[in-house]
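Coordinate inspection notes
What follows is each chain in one-letter form.
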Amino acid sequence: MPSPSAPTQDELKAMVGQAALQYVVPGQIVGVGTGSTVNKFIDALAAMKDQIPGAVSSSEASTARLKALGIPVLDSSVVEEIAVYIDGADEIDHRGCMVKGGGAALTREKIVAAQSRRFVCIADESKLVDVLGAFPLPVEIIPMAAQRVVRQFAALGGQATLRLKDGAPLVTDNGQHILDVTGLRIGDPVAFESDVNQWPGVVTVGVFAHQRAAVCLLGTASGVRTLTFE
Ligand code: 5RP
């Protein structure tokens, strides 16, 4: 008999998107992140839409997908607390700290994560790292601060470049720009996040250490591996 082929990255994402349903609390609002892995979760969530009052979304893209599937989207400003927040990551370390923002939604993601009791990260196994920083770190900035922030990262040994879309600076859902920073090794994510968030013109740095994951569902060739950090 031929040996079964290894699951594709897309299949690993679908696997964890489906597995995340066990963390959705019937009768309670769910926070929804952004990205290709979260898209799989949203698709799976459609089967539970009659069991939840709705979702708080972290981006226009996720809002559109939720609404298209008939899942009510609630305004975060009228919701006091969210039971669980489900989102992907670009990197996650062994303490649940993450780099996020590959999809440019980091600011709203951090807001919804902060409103939530529990962050459940869903990712394929390529995202698990020992030290954050190999993935270019997304930083949402006010455009007039760009050069100054680029110089501040250079002083830390990082090379920051403005993210482009169709040849022009990418504009986030909040009307701001994104720098992607390479060359960093983030050994102390809590201190790094606190520090960079103080720089004038930085809206949000894509290190999620204060809002780290409590659980990570990792898609692997042998199934879903659950990492708990609580
Ligand atoms: C969007 C994010 C995403 O969660 C992150 O980029 C992972 O995306 P994907 O699931 O497509 O790999 O932070 O801002």
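Residues numbered from 1 in each chain as written. Predicted model: local features only at pLDDT ≥ 70, side-chain atom pairs only at ≥ 80, totals over all residues. Heavy atoms only, no water.

Moving on to the sheet that holds strand β5 (residues 91-92). The strand order across the open sheet built from 3 strands is β5-β6-β14, with neighbouring strands paired in antiparallel fashion. Only two strands of the sheet have a single partner each, and these edge strands are β5 and β14 (207-208). Where strand β6 (residues 98-99) meets β14, 2 bridges bridge the pair, whose relative direction is antiparallel. When the sheet's bridge partners are listed, V99 is paired in β14 with V207. (Pairing = 2+ DSSP bridges. Helix = DSSP H or I, 4+ residues; strand = E, 2+ residues; numbered from the N terminus.)

A separate point is the domain arrangement of the protein chain. Along its sequence, the protein chain is organised into domain 1 (9-129 + 210-228) and domain 2 (137-203). On a C-alpha basis, the centroid separation for the pair domain 1 and domain 2 is 24 Å. Taken together, the contacts link 17 residues of domain 1 with 17 residues of domain 2. Both sides together, the interface formed by domain 1 and domain 2 hides about 1200 Å², and carbon and sulfur atoms give 51% of it. Three residues, A104, T107 and H210, lead the burial of domain 1 against domain 2; their summed loss comes to 38% of the area buried on that side. Linking domain 1 with domain 2 are 1 salt bridge. Across the pair K110 and E193 runs a salt bridge, and its minimum N-O distance is 2.6 Å. Residue contributions to the side of domain 1 that touches domain 2 peak at 4 residues, all from helix α4 (residues 106-114). (Domains from an automatic or database assignment. Contact = heavy atoms within 4.5 Å. Buried area = accessible area lost by both parts, 1.4 Å probe. Salt bridge = Lys/Arg side-chain N within 4 Å of Asp/Glu carboxyl O.)

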